[in-house]
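# Structure at a glance
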Amino acid sequence: MEPVRPDRGYTVGTRLEGTLGRTGTIHTPHGDIATPAFVPVGTKATVKTVLPESIADVGAQAVLANAYHLYLQPGSDIIDEAGGLGAFMNWRGPTYTDSGGFQVMSLGAGFKKVIAMDIATAQDDAKIAEGKERLAHVDDDGVTFKSHLDGSTHRFSPEISMRIQHELGADIIFAFDELTTLMNTREYQVNSLERTRLWAIRCLAAHNELTRARGHRPPQSLWGVLQGAHYEDLRRKAARDLTAISAEDQAQGGRGFGGFGIGGALEKQNLGTIVGWVNEELPEDKPKHLLGISEPDDIFTAIENGVDTFDCVSPSRVARNGAVYTLDGRVNITNSRFKRDFRPIDPEIVNYTTHYTRAYLHHLFKAKEGLAATLCTIHNEYFIVTLVARARQAIIDGDYAEYRDEFLGRYYAGRA
């Protein structure tokens, strides 16, 4: 069988001494990504309320969209016909899509903020979130689920996820996995990890076949996803297994994994430890992406433990509810104290939203004007993108620790 084109790869830059952290460059058909980097989430091919051009203006190098949502609406075949995700949404840079694995968990158990879960909670594989209905059912071949839009029944498998993501055409795509929760028992975690390992093998096979068949499209980089919850042996096993699967695939003429996504249920206080476990096992010359992280302290912790890119809906989601980031901490612009505050959100953070005062933004929210969400989302995305970009530059300049300590000391101690 004819070998597929090799992955464009990743170049390691400056190492952060005494840690697993580093800078680097991810190479994609639609441009390079300087890392570490924050990747805004455009779930349905849009960062909600904001023009793609505005997301480029805040310094974002790439965006991430959701395979599950785009499969349901408008359909991955339509996006394929449009020329792929970037062309469809008029985004000229690199793009990511997730596999739909998160929806396996959120539709199944109904839990959203898995990083906030507590391992002290009684474990119960049958437990679902209060007030939720189980809409997804996992078996060894894939997942059957009901659409949250109209209740229709659908089926995802590794092969289907790969087909959908190839039609979406993102530069970086993720292997289909089962995302468990911290409420699952260890026995379930073990079985799920093996299920995800076997799915990863099937994803690579389908990815290689689709890459050969779709030579008219730019090649895509498939990244394996690591699970294992808070168990060190399971996390390390997942990293070793995916590394071996990738090497074997490349030896047989396949593309292998271009990088790795670190997913799953994580306790906030153990984030660095868990990320460190897997990155001690994964190959250094492959990029690593941490799924669903955007809090400043978590970002610094992840960078120091070898994470190269991050994504999270939080900056845009909280912005739509009036929560904005400042160097002195997060504040809610709808609070009455901002009614006559004619300063910008943060005078030291200069972006498009700087032209507008806190009083005006307060008014927009009270008047239920859509512009409120637009302006606050621009600010929040700029804040997090810039935070990570400055961390990247600090690694290069050799003053990362000073930057981190000054930023975190002020952010978590102050009040704007």
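Here is a short report on the structure shown in this document. (Residues numbered from 1 in each chain as written. Predicted model: local features only at pLDDT ≥ 70, side-chain atom pairs only at ≥ 80, totals over all residues. Heavy atoms only, no water.)

## Let's talk about the overall build of the protein
- Assigned secondary structure in the protein consists of 14 helices and 16 strands.
- Pairs at least 24 residues apart make up 69% of the contacts formed inside the protein by residues separated by at least 6 positions.
- For the protein, the exposed surface amounts to about 17200 Å²; the carbon and sulfur share of it is 50%. (Helix = DSSP H or I, 4+ residues; strand = E, 2+ residues; numbered from the N terminus. Contact = heavy atoms within 4.5 Å. Areas by Shrake-Rupley, 256 points an atom, 1.4 Å probe, with all protein chains shown as cover.)

## Some points on a positive patch on the surface
- Together, Lys339, Arg340, Lys366 and Lys368 make up a positively charged patch on the protein surface.
- Along the chain, Lys368 turns up in the loop between helix 12 (358–366) and helix 13 (371–397). (Patch = residues over 30% accessible without salt bridge, like charges linked within 9 Å, V, L, I, M, F, W, Y side chains within 5 Å. Salt bridge = Lys/Arg side-chain N within 4 Å of Asp/Glu carboxyl O. Lys, Arg positive; Asp, Glu negative; His and termini not counted. Charge placed at Lys NZ, Arg CZ, Asp CG, Glu CD.)

## Things to note about the side chain of His362
- Here His362 is to be found in helix 12.
- According to the relative accessible area criterion, His362 is buried, its value standing at 7%.
- Setting aside residues no more than four positions away along its own chain, His362 makes contact with Ile333, Thr334, Asn335, Ser336, Phe338 and Lys339. (Buried < 20%, exposed > 50% of the residue type's maximum accessible area, 1.4 Å probe, protein only.)

## Remarks on the packing of helix 8 (residues 232–251) against helix 9 (residues 271–281)
- Closest axis-to-axis distance for the helix 8/helix 9 pair is 8 Å, and the angle between their directions is 30°. The way helix 8 lies across helix 9 gives a crossing that is right-handed. Contacts from Glu232, Arg235, Arg236, Ala239, Arg240 and Thr243 in helix 8 reach Ile274, Trp277, Val278, Glu280 and Glu281 in helix 9.
- Here the residues of the contact of helix 8 with helix 9 sort into four nonpolar, one polar and six charged. (Axes fitted to C-alpha atoms, helices over the stretch in contact; angles between N-to-C directions. Left-handed = near helix turned anticlockwise from the far one by under 90°. Nonpolar A, V, L, I, M, F, W, Y, C, P; charged D, E, K, R; others polar.)

## Considering helix 9
- Among the 11 residues in helix 9, eight count as buried, and that is most of the element.
- Taken residue by residue, helix 9 has Leu271, Gly272, Ile274, Val275, Gly276, Trp277, Val278 and Asn279 as its buried positions.
- Looking at the buried residues of helix 9, the elements they touch are strand 11 (221–226), helix 8, strand 12 (259–262), strand 13 (288–291) and helix 10 (296–304).

## Some words on the nonpolar core
- Grouped together as the largest cluster of nonpolar side chains are 86 residues, with contacts concentrated most on Phe257, Leu290, Phe310, Phe383 and Phe407.
- Examining the composition of this core, we find that 10 residues originate from one element, helix 13, more than from any other.
- Each residue touching Phe310, except ones within four places of it in the same chain, is listed here: Pro36, Ala37, Phe38, Val39, His289, Leu290, Ile293, Ile299, Ala302, Ile303 and Val388.
- Residues Ile33, Val39, Leu64 and Tyr96 belong to the second largest nonpolar core, which totals 13 residues. (Core = buried A, V, L, I, M, F, W, Y, C linked by side-chain atoms within 4.5 Å.)

## What about the pattern of salt bridges?
- Within the structure shown, the criterion is met by 26 salt bridges.
- Its salt-bridge partner being Arg236, residue Glu232 comes within 2.9 Å of it at the nearest N-O pair. You can see Glu232 and its partner Arg236 sitting in helix 8, four residues apart, about one turn around the helix.
- For Arg404, the salt bridge is made with Asp405, and the minimal N-O distance between the two is 2.9 Å.

## Digging into the sheet that holds strand 4 (residues 37–40)
- Strands sit in the order 4-14-13-12-11-10-6-5 across an open sheet of eight strands; the sheet is parallel. Since the sheet does not close on itself, it has two edges, and those belong to strand 4 and strand 5 (63–66), each with one partner. Averaged over all neighbouring strand pairs, the angle between strand axes comes to 25°, with direction disregarded.
- Relative to strand 12, strand 11 runs parallel, the two sharing four bridges. Within strand 12, the position partnered with Leu226 by the bridge is Ile262. (Pairing = 2+ DSSP bridges.)

## Comments concerning the environment of Gly18
- Residue position: Gly18 is located in the loop between strand 1 (10–15) and strand 2 (22–28).
- Sequence-wise, Gly18 and Glu304 are 286 residues apart; in three dimensions their C-alpha atoms are separated by 8.9 Å.

## Description of the packing of helix 13 against helix 14 (residues 400–411)
- For the pair helix 13 and helix 14, interaxial distance at closest approach is 8 Å and the crossing angle is 150°. Our classification of the angle between helix 13 and helix 14 gives roughly antiparallel. Judged by residue contacts, Phe383, Thr386, Leu387, Arg390, Ala391, Ala394 and Ile395 of helix 13 engage Tyr400, Tyr403, Phe407 and Tyr411 from helix 14. (Parallel < 35°, antiparallel > 145°, perpendicular 65-115°, else oblique.)

## A few points about the sheet that holds strand 2
- Taken in spatial order, the three strands make up an open sheet running 1-2-3, and their pairing is antiparallel. Taken across any chain shown, the strands that pair with only one partner, and hence form the sheet edges, are strand 1 and strand 3 (31–35). Direction aside, neighbouring strands of the sheet carry axes that sit 15° apart on average.
- Relative to strand 3, strand 2 is paired through five bridges, and the arrangement is antiparallel. Note on strand 3: the bridge partner recorded for Gly24 is Thr35.
- Contacting strand 1, strand 2 and strand 3, helix 13 runs over the sheet at an angle of about 120° to strand 2.

## Quick notes on empty space enclosed by the protein
- Under the counting rule described, the total for this entry stands at four cavities of 30 Å³ or more.
- Of the pockets and cavities examined, the second largest cavity occupies roughly 60 Å³.
- Around the second largest cavity sit Leu193, Thr196, Arg197, Val225, Leu226, Gln227, Lys237, Ala238, Asp241 and Leu242, which together line it.
- When residues of the lining of the second largest cavity are traced back to their parent elements, those giving at least two are helix 7 (186–213), strand 11 and helix 8.
- Tallying contributions element by element places helix 8 first for the lining of the second largest cavity, with four residues.
- In the lining of the second largest cavity, the residues fall into five nonpolar, two polar and three charged. (1 Å grid on protein atoms, 1.4 Å probe; cavity = no way out; pocket = protein on both sides within 12 Å on 5 of 7 lines; lining within 4 Å. Points joined across faces, edges and corners; volume = space filled by probe spheres on them.)

## Some points on the environment of Ile396
- For Ile396, the position within the fold is in helix 13.
- A C-alpha to C-alpha distance of 8.4 Å links Ile396 and Leu16, two positions 380 residues apart in sequence.

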